[in-house]
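Residues per chain, in single letters:
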Amino acid sequence: VQLQASGGGFVQAGNSLRLSCAASERSSSTVIVAWFRQAPGKEREFVAGLWRSRVNSWYADSVKGRFTISRDSAEGPVSLQMNMVKQEDTAVYYCAMSRTVIYSTRDRPESYAYWGQGTLVTVSS
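Residues numbered from 1 in each chain as written. Predicted model: local features only at pLDDT ≥ 70, side-chain atom pairs only at ≥ 80, totals over all residues. Heavy atoms only, no water.

Draft legend 1. How the structure looks around the environment of V33. Relative to the elements of secondary structure, V33 occurs in strand β4 (residues 32-38). Note on V33: relative accessible area 4%, which makes it buried. Separated by 18 residues in the primary sequence, V33 and W51 place their C-alpha atoms 6.5 Å from one another. Apart from the residues within four sequence positions on either side, V33 is in contact with A48, G49, L50, I69, R71, V78, A96 and M97. (Helix = DSSP H or I, 4+ residues; strand = E, 2+ residues; numbered from the N terminus. Buried < 20%, exposed > 50% of the residue type's maximum accessible area, 1.4 Å probe, protein only. Contact = heavy atoms within 4.5 Å.)

Draft legend 2. Structural context of the sheet that holds strand β8 (residues 78-82). If you trace the four strands from one edge of the open sheet to the other, you get β1-β3-β8-β7, paired in antiparallel fashion. The open sheet has two edge strands with one neighbour each: β1 (3-6) and β7 (67-71). Across the sheet, the mean angle from the axis of one strand to that of its neighbour is 15°, orientation sign disregarded. Pairing analysis gives four bridges linking β1 to strand β3 (residues 17-23), with the strands arranged antiparallel. Residue pairing across strands places S6 opposite S20, the latter belonging to β3. (Pairing = 2+ DSSP bridges. Axes fitted to C-alpha atoms, helices over the stretch in contact; angles between N-to-C directions.)

Rendered as structure tokens:
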């Protein structure tokens, strides 16, 4: 599965941005999709995740209540709606998928087999 992330750019603090991640082939066999981010000089960190059911999702505490992960269909793109963005949200955002995952490690980058190339989000004051 090849992933293509898009939608990044410059945004002013307090505003909104929507990221999208499209899969190049059938991705309905993936059980989990997620967004991660990596700021300069920092490790890649989990942002949001969605199970194949497209109903159950979970979020990092830092974005809870502001970001929403969604997917309209089993094969459709995965979106990350970012509202009330903050300067600390500045990072390269990556989408990721996996066909298998251990529940207790679902927030770890190493649990994901497929990755997009990343899209840069820059939040200005």
